[in-house]
Amino acid sequence: MATPQTISPNLGDRLRGFQRSAGNIAAGGGLWAAIIGFTVWAAFAERDALTVGIVLGAILALGAVGLTLIFGVLKFAHFAHGDSMMLSAFIAWLLLNGIIVGERAGSETTLLPVTINDLPGADSAIWEFSFGYGLIVAMLLTAVLTAGMMVGIDRVVYRRLRRRKSGIVIFAIASLGLAFVMRSVILIFWGPTPRLYTPGIRNRIDLPFDVSVLADQLFILAAAFVVTGIVYVMLFRTKLGKAMRAMADNPDLALISGIDTDRIITWTWAVAGCLIAVAGVLLALQAHLDSELGFALLLPLFAAAIVGGLGNPQGALVGGFVVGITQEVAVTFDFLSPGYKFSVAFAILILILLVRPRGLFGERS
Amino acid sequence: MILAGKRPAWARGLKPSDFIATAVLLTITLAIPFIAYEQSRGAFPDGNIAGTMSFYTAFLVTVGVFALLTMGLNIQWGYTGVINFGVLAFFMLGAYTTAIITKGDPQGDFTTYIGGWGNDLNLIPALATDQWLPFVIATAAAALAAGLLALLVAFPTLHLREDYLAIATIGIAEVMRRVVIEERWMVNGSRGLTGVPQPLGGLVDQSDYKYLNVVIVGIVVIIVFFALERAVRSPWGRVLRGLSDDEEATAASGKNVFAFKTQSFVVGAAIMGIGGSMYAYAFSALSPDAFTHLFATFIFWAMLMVGGSGNNKGAIAGAYVIWGLWTISLQMQGYELGDVIESRMPFIRGLLLGVAIVGVLLIRPLGLLPQERRVSAWVERRVKKERSTPAPPAET
Amino acid sequence: MNSDQRPPILTVEDVSKAFGGLKAVNHANLEVAEGSITGLIGPNGAGKTTLFNIISGFIKPDSGHIAFQGERIDGIPPHRVFHRGLVRTFQIPREFGGMTVLENLMLVPKDQEGEHLWAAWFLPWRVSRQEDENFTKAEEVLRFLNLHQLRDEYALNLSGGQKKLLELGRTLMCNPKMILLDEPAAGVNRTLMRGIVNDIKRLRQDLGITFFVIEHDMDIVALLCDRLIVMSEGSKLAEGTPEEVRADERVLEAYLGGQVR
Ligand SMILES: Nc1ncnc2c1ncn2[C@@H]1O[C@H](COP(=O)(O)OP(=O)(O)O)[C@@H](O)[C@H]1O
Ligand SMILES: [Mg+2]
C-alpha cells in the first residue's frame, strides 16, 4: 500500500500526547512508588496523621466501594452518596436516643417512644470505647433501613428514569436533587448544630512503635475490616455477586445471558445502602454528625473511587486508603492549613484524571 | 376538563399546564409588590413608598443577577448537556475579581486584599471615567477570569465521560471557597469585602441608586440575553444541541466534540462571571458565607430545570418564579404557621428546591418553557414565511 | 489477487481489537475498491460493526493500520475522518431526537461559518447565505428519501425505518467520497428499500461515491453489491462476487456454526 502519511498533530493532540507520556511514566510504577514512598515517609515523620489517615481511609474505602458498585452496575455517578451517609448517621442517632429538634430551634424533643438506649446497659461503655453495644445495634438496624431507603428511592426515581432511557447526566442531576433533599431532611429534624453520638471521654490506647490511637478508632478499623470481608465474600463467592460484576463489565451481555437486571439493581442498592450506613455511622464516630459534611464528602469519595478505577471495588478499597492518608498527612505541611483537606482530595482526583483516567488498576487507554 | 373543551382562538395549542404556569407567574407578579409594602411596615407603621420600593427593587435586582447565572448554566447544561455542579466557583470568582478591581486601596488594620485599582482607573477625568471605566474593566475581567478557570477545569475532564466534569466542578467550587476563606491576604478571608463601589454611583443621590441599580442590571440581562440568543440560534447552537442529544452522532457528523463542549463551558462560565460581577455591584458586600452550595449552585439548577432547560427565556422565567416563590414563602413567616414549621422554614425551602428538581425531571422534563422547536433563527423565519405564503405547486 | 482493476480506496491491514478477553476483530485484512459497492456480511458478533467503529475513528484498534485514499486514518478522531470524506451511519440509529428532521440534516455540512461564535455574532449575512444553501440541499435530500412530509417533525417521533433513512440522509449532506452503511435496510419497508437500492446505485454512478455496506438481507445484498467480503470471528473469511460467495462452503458453515453456538 501507499506509504502512510504522517498526520500533522495540532496543539490539542500534542498536549494530549504529552499527557499520555506522563501517564506512561506514572504507569511504569511511578505512581505506586510515590504512594508507597509517601506512606513510608509519613510513618516516620507524621505518625499521628498517618494513623488518622488510615482510620479515615477505612471509612472512605467503605463509602467508595458502595459508590463504585453503583457506578459499575447502574453506570451513573451517585451524587447523593455523601449526604446519604450523613442521613444514615442521623438515622442511627434517632434509633439510639430518639432525639430530634423540638418546637423551637435549639430545643430538643424525643420522637420515638422506645429507643435502643432504653435496653438495659445499651449505653454503658464497652472496654475502652466511648459507646455501648447500643451503637452497634443501631448501626446494624440503620444498615437495614438505609438499604430499604435506597431501594425505595430507586423505585420512585431512578427506575422511572431508566424506563425512559434517560442519559447519565439526567441521573446525575436527579441524584444531586436527592442529595439536597436528604441534607434538608437532616436540617429539618436535627438542625445545623454538629452532634456527637456519646459525650463520653475518648480513651487513647498506646500501641507498639510509639503509636497511640483512640479506642474508638480501633473499633472503626475492626468494623470496616469485617464489613469489607462480608462484601468481598458476597461479590466474589456468591452467584449474586458474580452477576453484579458481570453486569458491571458488560450490561448487554448480562442481559442476553438471562440475568435478571432489575433484581441485580435492587441488590446493588441494598448492598450499597448497607455500606453507606456503616460508613456514615463510623464517620460520625470519627468526626461528628453534621449536615454540612455530606456534600463535601463527595470529593474524597469520588477521588477514592477514581483512584481505584470507577467500577472496580478492590480498587476503591485501595483508593480509600490512598486518599485518606494523603489527605491527613498533607495538611500537616506548613503551607496547607487543615481547611484544605478536601482540596487535597480534589488535587489527587485531578492528578489521576490527567495521568491515568482509568485509575491505578485500569488498563492504559 | 373545562380547559380541554372548546377553546377560544387565542388559547388553541395551549396545554393545561401552560395555564397553571401563567397563573403562577401572575400570582408572583401581583404578590411581590404587596409583600414589599407589607415589609416596609416593619419600619413605618403605615408603610411607606421608599421602603416598598427598596424591597421591590432589591427583588428585581436579585432576579436579574440570578437570571444571568441561570443563563450561564443554560448554555452549559441546557444547550450542550455539560454538567456544572460548581456554579459557585465561577460566580464567586466573578464577584471577587470585580470587587478587588473596583475598590480602592485597603483601609484599616483588619482589611487586606490584593488589587485595589479602582482609583487608578480614572484615566480621563473629563469623561467621568471614575464612574464607569473601572466597572467596565472589572466586569470584563470577571468574565475573562471565570472563562479561564473553566478552561482549566475543562482540559483534564471534558474528553472523559460527562460525570467526571460534574465531579471536577464540585471540586473547583470547594477549592474556590477554601482559598477565599484561608488566604486572608488575598480577599480578606471570612471577614469578606464591603464597600464595593457602584457603577455610576456618583451620578445619583444615594437613596435613589436602587432605581439605577435595576436599570443597570436590567440592561446587562438584556444584552446578555440577546447575545446568547444570537449565538445559540445559529449553526453554533445547533451543534451544541446536537451534543446534548447524541455526542457520538455529532462526532460522526464531523464536529469536534471536545472543542464545542469546551467553548460552551467557557462561554457559560464567562456569563456566570458577569453575573458574579453584577452581584458585587448590586449588593456592594461579599462574604464567603453568602456563597453556599444552596445559594450559589443549587438554586440555579432549580431555576433552570423549572424554567426550561435549553431556553434562555425559560432561564429568566425560572429565576423569576423560584425567587418569587422564595420571597413569598419568606413572607409567610408572619402568618401563624406554628413554631414547628416556622423555625424550620429555611430548611423546608431547601427541601422544596430539591423536590422541585427531581419532580421536574420526573413529571415535566421540559420545564415551563420548552426548547424552541427549531434551533436556527434563520430556519424559523424561513418556515414561517413558507406558512404565510401559499405553497408553490409541487414539482413532479 | 483482487480481480478488480480499480485501486483500493480503503485498506484495512492486520487490524485487531479486543474487549477484555473477547477478540472482536482479529487480524482483519481487507480492501475496498474505489467506486465499488462492497458488502460486508457475516454472522452476528462477527465484528462487523466494531470494524466500522475502528475505521470511522470511534474505537482505536489495538494494532494494525487503516489507510483511506493512501493516507493513514487509524488513531485520528471521528470528526477528522469525516473531514477526509469518509462518513458512516450507525446500526442503531442515532438521530438528534430533540431537533427537527430538517435540522438533523442541516447540522451536517462542513465548513459552516455559523459554527464559529464570532461569525454567529458579527457576520449574520454570511451565516444566512450558508443556511439558505444548506436548507435547499436538505430539502433535496428529504425529497430523495421520501421524508419531506416529516421535515418539521422531531426526529424522536420517526419510526425505526424512517430513522434509518435519516441516517442515510445525513451521509448525503456532505459530499462524501465513501459511505459506510451499517445495516441500512433493517426495519425499512421492503419496497421502499428496493427503491433506495436503486438510488444508491445511482449515487455511485453519478457522484462516484464508494459504498461499504453491512447487510443481512441477502436479496438486497445480491441486488446492491458488486463484491462481498465475509467476516467471521473477527477476520475475513472469504471474498468475491455475490455468486461466488454464495457457492462457498466455508461461508455456509460460518453462518450455521454461528447459529449453533
Ligand atoms: N463496546 C464493546 N464492549 C464490549 N464488547 C463489545 C463492544 N462492542 C462490541 N462488542 C463485542 O464484540 C463482538 C463483535 O460485535 P459487533 O462488531 O457488534 O458484531 P456484528 O456487528 O458483526 O454483529 C460481539 O461479541 C460484541 O458483544
Ligand atoms: Mg452489527
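One numbering rule holds for all chains: residues counted from 1, following each sequence as written. Going through the entries in the order they are written, you letter the chains from A and number the ligands from 1. Reporting in this predicted model follows two pLDDT cut-offs: at least 70 for local features of residues, and 80 or more for side-chain atom pairs to be given and counted; totals over whole chains, interfaces and linings ignore these cut-offs and use all residues. Side-chain measures here rest on the full set of heavy atoms in the structure, leaving out hydrogens and waters.

**Comments concerning the sheet that holds strand S5 (residues 71-72) of chain C**
Residue and element names in this part refer to chain C.
Then step 1. A pair of strands is labelled paired if DSSP reports no fewer than 2 bridges between them. A run of H or I in DSSP becomes a helix once it reaches four residues, and a run of E becomes a strand once it reaches two; helices and strands are each numbered from the N terminus. Strands sit in the order S2-S1-S4-S5 across an open sheet of four strands; the sheet is antiparallel. Here the strands that pair on one side only, and so sit at the sheet edges, are strand S2 (22-33) and S5.
Then step 2. Relative to strand S4 (residues 63-68), strand S1 (residues 8-19) runs antiparallel, the two being bridged by five bridges. The residue bridging Thr-11 from the neighbouring strand is Ala-67, located in S4.
Then step 3. Should any heavy atoms of two residues lie within 4.5 Å, those residues are considered in contact. Only the stretch in contact is used when fitting a helix axis, every axis being a line fitted to C-alpha atoms; angles between N-to-C directions are given from 0 to 180 degrees. Running at roughly 115° to S1, helix H1 (residues 48-55) makes contact with S1, S2 and S4 of the sheet.

**As for the coordination of the magnesium ion (ligand 2)**
Residues and elements named next belong to chain C.
Then step 1. Surrounding the magnesium ion (ligand 2) are the protein donor atoms Thr-49 (OG1) and Gln-91 (OE1), at 2.0 to 2.2 Å. With Thr-49 in helix H1 and Gln-91 in the loop between strand S6 (86-88) and helix H3 (101-106), the pair connects residues that are 42 residues apart, well separated along the chain.
Then step 2. Exposure categories follow from relative accessible area, calculated using a 1.4 Å probe and restricted to protein chains: below 20% of the type maximum is buried, above 50% is exposed, and the middle band is partly exposed. Its relative accessible area of 24% is what places Thr-49 among the partly exposed residues. Water is absent from the atoms considered, so a metal site may look incomplete; donors are defined as N, O and S atoms within 2.8 Å of the metal, or 3.2 Å for Na, K and Ca.

**Regarding the interface of chain A and chain B**
Then step 1. Taken together, the contacts link 51 residues of chain A with 46 residues of chain B.
Then step 2. Here a salt bridge means any side-chain nitrogen of Lys or Arg lying within 4 Å of a carboxyl oxygen belonging to Asp or Glu. Applying the counting rule to chain A against chain B returns zero salt bridges.
Then step 3. Nitrogen and oxygen atoms within 3.5 Å of one another constitute a polar contact, given that in protein one can donate a hydrogen and the other can accept it, and given that sequence-neighbouring residues count only through two side-chain atoms. Connecting chain A to chain B are nine residue pairs in polar contact (both at pLDDT 80 or more).
Then step 4. Contributions of two or more residues to the side of chain A that touches chain B are made by helix H1 (11-45), helix H4 (133-163), helix H5 (168-190), helix H11 (298-307) and helix H13 (341-355) of chain A.
Then step 5. At 15 residues, H5(A) tops the list of elements feeding residues into the side of chain A that touches chain B.

**Considering the side chain of Asp216(A)**
All names here are of chain A.
Then step 1. Along the chain, Asp-216 turns up in helix H6 (residues 215-237).
Then step 2. We classify Asp-216 as buried; its relative accessible area is 3%.
Then step 3. Look past the residues within four positions of Asp-216 in its chain and what remains in contact with it is Phe-129, Ser-130, Phe-131, Arg-202 and Leu-285.

**Here we look at the domain arrangement of chain C**
Residue and element names in this part refer to chain C.
Then step 1. The domain boundaries here were taken from an automatic or database domain assignment. By the assigned domains, chain C splits into domain 1 (8-95 + 175-256) and domain 2 (99-157).
Then step 2. Taken together, the contacts link eight residues of domain 1 with eight residues of domain 2.
Then step 3. The contact between domain 1 and domain 2 buries some 740 Å² in all, and 62% of this surface belongs to carbon and sulfur atoms.
Then step 4. The buried area of a pairing is the accessible area, by a 1.4 Å probe, that goes missing from both parts when the two are put together, added over both. Summed over the three residues of domain 1 that lose the most area to domain 2, namely Phe-82, His-83 and Glu-95, the buried surface amounts to 49% of that side.
Then step 5. Connecting domain 1 to domain 2 are zero salt bridges.
Then step 6. Summed over the shared surface of domain 1 and domain 2, the result is one residue pair in polar contact (both at pLDDT 80 or more).
Then step 7. Contributing elements (two or more residues each) for the side of domain 1 that touches domain 2: helix H2 (78-83) and helix H7 (190-207).
Then step 8. Considering each element in turn, the side of domain 1 that touches domain 2 owes the most residues, four residues, to H7.
Then step 9. Its residues assigned to classes, the side of domain 1 that touches domain 2 shows three nonpolar, two polar and three charged. Asp, Glu, Lys and Arg are counted as charged, while Ala, Val, Leu, Ile, Met, Phe, Trp, Tyr, Cys and Pro are counted as nonpolar; the rest, among them Gly, fall into the polar class.

**Points about the pattern of salt bridges**
Then step 1. Scanning the model with the defined rule gives 38 salt bridges over all chains in all.
Then step 2. The partner of Arg159(A) in a salt bridge is Asp262(A), with the nearest N and O atoms 3.5 Å apart. Of the two residues, Arg159(A) sits in helix H4 while Asp262(A) sits in helix H9 (residues 261-286), which places them 103 residues apart along the sequence.
Then step 3. Ionic pairing is found between Glu131(C) and Arg238(B), a salt bridge with its closest N-O pair at 2.8 Å. Separated into two different chains, Glu131(C) in helix H5 (residues 124-144) and Arg238(B) in helix H8 (residues 235-245) make up a pair that spans both. Each of the two residues, Glu131(C) as well as Arg238(B), counts as buried.
Then step 4. Connected through shared salt-bridge partners, Arg233(B), Arg374(B), Glu380(B), Arg382(B), Glu386(B), Arg387(B), Asp132(C), Glu139(C), Arg151(C) and Asp152(C) make up one network.

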